[in-house]
Amino acid sequence: MAALPGEEAGPGPGPGPKQREKQKNKNKKKAEPAVDESELLTVPDGWKEPAFTREDNPKGLLEESSFATLFPKYREAYLKECWPLVQKALGEHYVNAALDLIEGSMTVTTTKKTFDPYAIIRARDLIKLLARSVPFEQAVRILQDDVACDIIKIGSLVRKRETFIKRRARLLGPKGSTLKALELLTNCYIMVQGNTVSALGPFSGLKEVRKVVLDTMKNIHPIYNIKTLMIKRELAKDPELRTQSWERFLPKFKRKNLKKRKEPKKKNTKKEYTPFPPPQPESQVDKELASGEYFLKERQKKRKQMEEIKAKQAEAVKRRQEERNKAFIPPKEKPVVKTKKASTEKKIDIEAIKEKVKNAKKKKLGALHEEEVKLKMAADEKKKKKKK
């Protein structure tokens, strides 16, 4: 076949369309510089997502959305007091809020002016937190972009009520110290109330809070997780270690299985195995034949039964009468013990005691004896003569 003008005649047919695409891709890969995948995944420090404004959604929302939640009776007085502040905070995002004290519920609804579609979700979280005893000053932070909330249900994680109360108290710590340490490490506000734990803060902190709370309910002490969080916080400060694995630095706590088991009060002892079956119990007929009742007539049997019943009744009456008579029996009086007169055999030497008292009065505490005083006076006189 002759070559067209502008083309060179080749030895055979040229490359197909698939081969041409492969060649183009290879050329592109060679031209593009090599990019580190770790740089693509990391977010630069100090970066924040731009705020959602009316320019992003000028036409607003098409449908009206609403959420409602119930609150306990003890929160009624506080909610009534802070409700104007709630309405003011939600009014900035063009969301209406209603408080129904008769039904005990809070409702939030969007309006025609609402432009942020996520504002109603934040308003729903706000009323949920207020119902779970979180103060308004903390709950209103949920309306910010970089703050989220998590309500962890812990009531159904433990079977026994006593065990649940102990583990919940362990999460709080002595005078709330454990909870305060957890708040400082995760940058979250944590509120333990009833059967739930409400947490408010950044997403990374909420993830850690949920892990610690669930581990505590599984009988893992929170101090272990707090130690791990402290090490992670120090490692995050080093830029070289950010891309590396931290497993070698983190502590590994092994669970100890106690060998000593508490012995039960009632011990079930196994009987010795015998191949022979137990002896067959005697039937009622056998018992009657042995005692001779079987051969008695019906009248005699009835008479015997009546006699046994009357004997039992007589015993019961006698026992009752004895118990009643106990109240009329006077108690035994204790015998009067006569006091023995003081023996006059041992006479006290009064004169000797008087002399001791006189000597004690003469002697002052720390005073010298008479001989020592005389010697001292003689020594003083000699010194005076020498000086003269």
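None of the values given here were measured: they were computed from a predicted structure.

Caption draft 1: View of the pattern of salt bridges. Counting across every chain of the model gives nine salt bridges. One salt bridge in this structure joins Asp-125 and Arg-124, with 3.3 Å as the shortest N-O distance. For Arg-124, a relative accessible area of 25% gives the class partly exposed. Close ionic contact of Asp-215 with Lys-211 constitutes a salt bridge, the shortest N to O distance being 3.3 Å. In this pair, Asp-215 and Lys-211 are both assigned in helix α8 (residues 203-217), four residues apart and thus about one turn of the helix distant. Asp-215 gets classed as buried once you look at its relative accessible area, which sits at 14%. What makes Lys-211 partly exposed here is its relative accessible area of 43%. If you follow the salt bridges from partner to partner, you end up with Asp-116, Arg-122 and Asp-145 in one network.

Caption draft 2: View of the sheet that holds strand β2 (residues 95-100). Spatially, the three strands line up as an open sheet ordered β1-β3-β2, and their pairing is antiparallel. Two strands bound the open sheet, and with one partner strand each, they are β1 (66-70) and β2. For this sheet, the mean inter-axis angle between neighbouring strands, taken without regard to orientation, is 15°. With six bridges connecting them, β2 and strand β3 (residues 105-110) associate as antiparallel partners. Paired with Asp-100 across the two strands is Ser-105, which belongs to β3. Helix α3 (residues 76-91) contacts β2 and β3 of the sheet and is inclined by roughly 165° relative to β2.

Caption draft 3: Inspection of helix α7 (residues 177-186) at higher detail. Taken residue by residue, α7 has Thr-178, Leu-179, Leu-182, Glu-183, Leu-185 and Thr-186 as its buried positions. In this structure, the buried residues of α7 make contact with α6 (161-172), β5 (189-193), α8 and α9 (222-237). Phi for Asn-187, located one or two positions after α7, is positive at around 60°.

Caption draft 4: Region of the structure containing the environment of Val-108. Assignment of secondary structure puts Val-108 in strand β3. When its relative accessible area of 0% is taken as the criterion, Val-108 is described as buried. With sequence-adjacent residues up to four places away left out, Val-108 is seen in contact with Ser-65, Ser-66, Phe-67, Leu-90, Val-95, Asn-96, Ala-97, Ile-120, Ala-123, Arg-124 and Ile-127.

What counts as what
Residues numbered from 1 in each chain as written. Predicted model: local features only at pLDDT ≥ 70, side-chain atom pairs only at ≥ 80, totals over all residues. Heavy atoms only, no water. Salt bridge = Lys/Arg side-chain N within 4 Å of Asp/Glu carboxyl O. Buried < 20%, exposed > 50% of the residue type's maximum accessible area, 1.4 Å probe, protein only. Helix = DSSP H or I, 4+ residues; strand = E, 2+ residues; numbered from the N terminus. Pairing = 2+ DSSP bridges. Axes fitted to C-alpha atoms, helices over the stretch in contact; angles between N-to-C directions. Contact = heavy atoms within 4.5 Å.

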